[in-house]
Amino acid sequence: MTKHGNVTGDIGLLIAAERTGIVNIDTVLSLRVRLFTNKALISSTMTEQGHCGPVRDQYEAIAESISDATYLLDTDRRLVYTNQSSIPYSDVSLEAIRDDHVMDFIERIVADSEDPERFEQALETVYDRTASAEGPITVELDVASPAGTTTREYRCSPCETASGTGAIVVSKGSPERSEPKPERYERLFEARPVAVGVNTLRQQGRFEFVNQAAVEMFAADSKAELKRYSLEDLSANPGTWEELTNRITQEGAVDQYEVEFTTLDGEPLRVEITAELAEIGGEKHMLGILGNTSETEQREGEIRGETALTDGILDCLRDVFYAFDADGNLVEYNERLRSVTGYDDEELETMTPWEFFPESEREMIAEAVGTVIETEAPVHSLEAPFLTKSGETIPYEFSGAPYYHSDGTVAGFVGFGRDITDRTERDRELQENRERLRRLFDEAPDPMFVQDAEGKFTDVNEKAVEKLGYSREELLEMEAAAIDAAVERADVRELLSKVKSDGQMIKIDGRHQRADGSTYPVEVRASVLA
């Protein structure tokens, strides 16, 4: 066998380690680096002797000998081999993840707060490193598992595969899990939209870490400027920090603890602190979220003002206003609803939409409500009798449209109801007038005709049918010139135009011709039909 430096000896050490079952992670990774340093020689030797397959088999054997999670990656960073310890979930098999890109796997197992790109950057270093680089690349990641979030250490080293440079990754629980690092908190808190601070319990609560939201809250120019101050420095009232320190030391945490501060530009600032006590670097710190209640109170005041304005407008309406949630509970209404129905607030707040209507109308109302909630289609001009507490019914016209939760789901429906008593009365009177005119028309002793602008009949009474001998249907297909032998069609149109322009009744003499051909003299009186 041709020997190249210590290559053969390194392989022998790995084989011996495998056979004895004693494999130390650091030893394995150290040997991987040494093998990688001589990768050209190994590749050349194994290729010449047809041993590419055994090289991979040897890595697999090493991986199985290690009790910690071990991953073998090819040149494309695909998982070509893993041992049983590498699967954090019992319902995931090794076969299910093999040949996957390693980043797909990492993204599936890291905690929501973790950045998987940190692992990818470590791999970049491994794949791009020079042959002279020493030692594995180590990165810590928070991993989600059935037992909860844990921190694991991933140690990455290059290895030689048949197709080129790959990597071997060994993972185990972090020995520093009980000792949080400040930079981990910084990475976790920096992207948060709320103000976050990490304060030492010494030096009156000096800031050791702040995020950008805290810088903006206290009107500082930079993080460095704000970190020159302590909570005691910024407190508007003496003794605030001492009270807060005593509280959090005794209870281990505070929830919505109200404090008055002064910003760096001298403006008053009311803050609610929610914080926990944590040990970082052997020293106690307060990890806190600071909520700006000054902004909250200002916004709540604006909302109260807007609500009062809206309520005032709604109460001035002559229409009733209502808002029901998706379960049919009345959640908002105006004064008009109380006055019209006669129910008080306590009664109204227990009523469903259909209880405001007689039994005969409730099914229709329930269907209309279901349409709005389920299809989100608005309902317009729904006429129904509005039932009051006294049992009186009032003609009303109702509308309804959906309103929504912040996530876009339907929260309920809002609408208005309008009293249409006057309109209903007018409609009734108009219908009575039409019926009376119809009776006068049908019962008139003389033939009567209704014509359009072209002289065609659009209506005739019974006397016209009787006198001319045509059926009603036949007459409605005819025009005035067809039954009057004394006039032409053009004469009729001219006459009708004159009647319309003058607005006066016109009398003319004519001669009507019956269906049997006989004629009789007539006096025609024409006027505009209003």
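Since this is a predicted model, take the numbers as computed values, not measurements.

Observations regarding the sheet that holds strand β8 (residues 253–262)
Taken in spatial order, the 5 strands line up as β7-β6-β10-β9-β8 in an open sheet, and their pairing is antiparallel. Bordering the open sheet on either side are β7 (207–210) and β8, each of which pairs with just one other strand. If you compare each strand with its neighbour and ignore which way they point, the axes differ by 30 degrees on average. Relative to strand β10 (residues 283–292), strand β9 (residues 268–280) runs antiparallel, the two sharing 10 bridges. Counted as the bridge partner of A275 is G288 from β10. The strands touched by helix α12 (residues 240–251) are β6 (195–200), β8, β9 and β10; relative to β8, the strand with the most contacts, the crossing angle is about 170 degrees.

Side note on the layout of surface pockets
By volume, the largest pocket amounts to about 1600 Å³. Considering the residues around the largest pocket, the lining is formed by 44 residues, among which F449, Q451, R525, A526 and S527 are closest to the centre. At the level of secondary structure, the elements contributing two or more residues to the lining of the largest pocket comprise α17 (421–443), β16 (449–451), β17 (457–460), α18 (462–468), α20 (480–483), α21 (489–502), β18 (506–513) and β19 (519–526). Of all the elements, α21 adds the most residues to the lining of the largest pocket, at 8 residues.

Here's the deal with the sheet that holds strand β13 (residues 379–387)
Each strand in a sheet pairs with another by means of backbone hydrogen bonds, the pair being arranged parallel or else antiparallel. Ordered by their spatial adjacency, 5 strands build an open sheet running β12-β11-β15-β14-β13, and the pairing between neighbours is antiparallel. Looking along the sheet, the strands with just one partner apiece sit at the ends: β12 (330–333) and β13. Each strand axis lies, on average, 30 degrees off the axis of its neighbour in the sheet, ignoring direction. Contacts between helix α16 (residues 359–375) and the sheet are confined to β13, β14 (393–404) and β15 (410–419), with β13 contributing the most and set at about 145 degrees to the helix.

A closer look at the pairing of β10
In summary, the side chains of a regular strand alternate between the two faces of the sheet. Sheet topology note: the β6/β10 ladder contains 6 bridges and is antiparallel. Note that in β10 the partner of A195 across the bridge is L290.

Side note on the packing of helix α6 (residues 102–109) against helix α7 (residues 117–128)
If you want to describe how two helices pack, look at the angle between their axes and the distance between the axes. For the pair α6 and α7, the least separation of the axes is 10 Å and the interaxial angle reads 150 degrees. When the interaxial angle is binned, α6 and α7 end up roughly antiparallel. Between α6 and α7 the crossing geometry is right-handed. Taking contact as the criterion, the partners of V102, M103 and I106 in α6 are, on α7, F119, E120 and L123. Of the residues in the contact of α6 with α7, the class split is 5 nonpolar, no polar and 1 charged.

So, empty space enclosed by the protein
One pass over the structure, following the stated rule, counts 2 cavities of 30 Å³ or more. Put simply, the largest cavity is a space of about 240 Å³. Lining the largest cavity are 18 residues, and of these Y322, F357, I365, F398 and F413 lie nearest its centre. Elements with a minimum of two residues in the lining of the largest cavity: β11 (320–325), α16, β13 and β14. For the lining of the largest cavity, the element with the most residues is α16, which contributes 4 residues. Each residue belonging to the lining of the largest cavity can be placed in one class, and the counts come to 16 nonpolar, 2 polar and no charged.

Some details on the nonpolar core
Counting 26 residues, the largest nonpolar core has F218, L226, L244, F261, I273 and M286 as its most contacted members. Contributing elements (two or more residues each) for this core: β7, α9 (212–217), α11 (231–234), α12, β8, β9 and β10. In contact with L226, other than residues within four places in its own chain, are F207, V210, A214, V215, F218, A220 and L234. The next biggest cluster of nonpolar side chains, apart from the first, holds 24 residues, and it includes Y343, L348, V372 and L382.

Examining the pattern of salt bridges
All chains considered together, the criterion is met by 18 salt bridges. One salt bridge connects D74 with R78, and the closest N-O pair in it is separated by 2.6 Å. The class of D74 is buried, set by a relative accessible area of 7%. Take R78: its relative accessible area is 30%, and that puts it in the partly exposed class. Across the salt bridge formed by R338 and E335, the nearest N and O atoms sit 2.4 Å from each other. Here the residue R338 and the residue E335 both occupy positions in helix α14 (residues 335–341), the gap between them amounting to 3 residues, near one helical turn. A relative accessible area of 36% means that E335 is categorised as partly exposed. Sharing partners across several salt bridges, the network here consists of R438, D442, D459 and R472.

Describing the confidence of the model for the protein chain
Here the protein chain averages 76 in pLDDT, while 75% of its residues score no lower than 70. Residue range residues 1–55 is modelled with pLDDT below 50. Its contacts to residues more than four positions away, or to other chains, number 67 contacts. Throughout residues 176–180 the model reports pLDDT below 50, and contacts reaching past four residues in sequence, or to other chains, amount to 13 contacts.

What counts, and where the lines are drawn
- Residues numbered from 1 in each chain as written.
- Predicted model: local features only at pLDDT ≥ 70, side-chain atom pairs only at ≥ 80, totals over all residues.
- Heavy atoms only, no water.
- Pairing = 2+ DSSP bridges.
- Helix = DSSP H or I, 4+ residues; strand = E, 2+ residues; numbered from the N terminus.
- Axes fitted to C-alpha atoms, helices over the stretch in contact; angles between N-to-C directions.
- Contact = heavy atoms within 4.5 Å.
- 1 Å grid on protein atoms, 1.4 Å probe; cavity = no way out; pocket = protein on both sides within 12 Å on 5 of 7 lines; lining within 4 Å.
- Points joined across faces, edges and corners; volume = space filled by probe spheres on them.
- Parallel < 35°, antiparallel > 145°, perpendicular 65-115°, else oblique.
- Left-handed = near helix turned anticlockwise from the far one by under 90°.
- Nonpolar A, V, L, I, M, F, W, Y, C, P; charged D, E, K, R; others polar.
- Core = buried A, V, L, I, M, F, W, Y, C linked by side-chain atoms within 4.5 Å.
- Buried < 20%, exposed > 50% of the residue type's maximum accessible area, 1.4 Å probe, protein only.
- Salt bridge = Lys/Arg side-chain N within 4 Å of Asp/Glu carboxyl O.
- pLDDT = per-residue confidence, 0-100.

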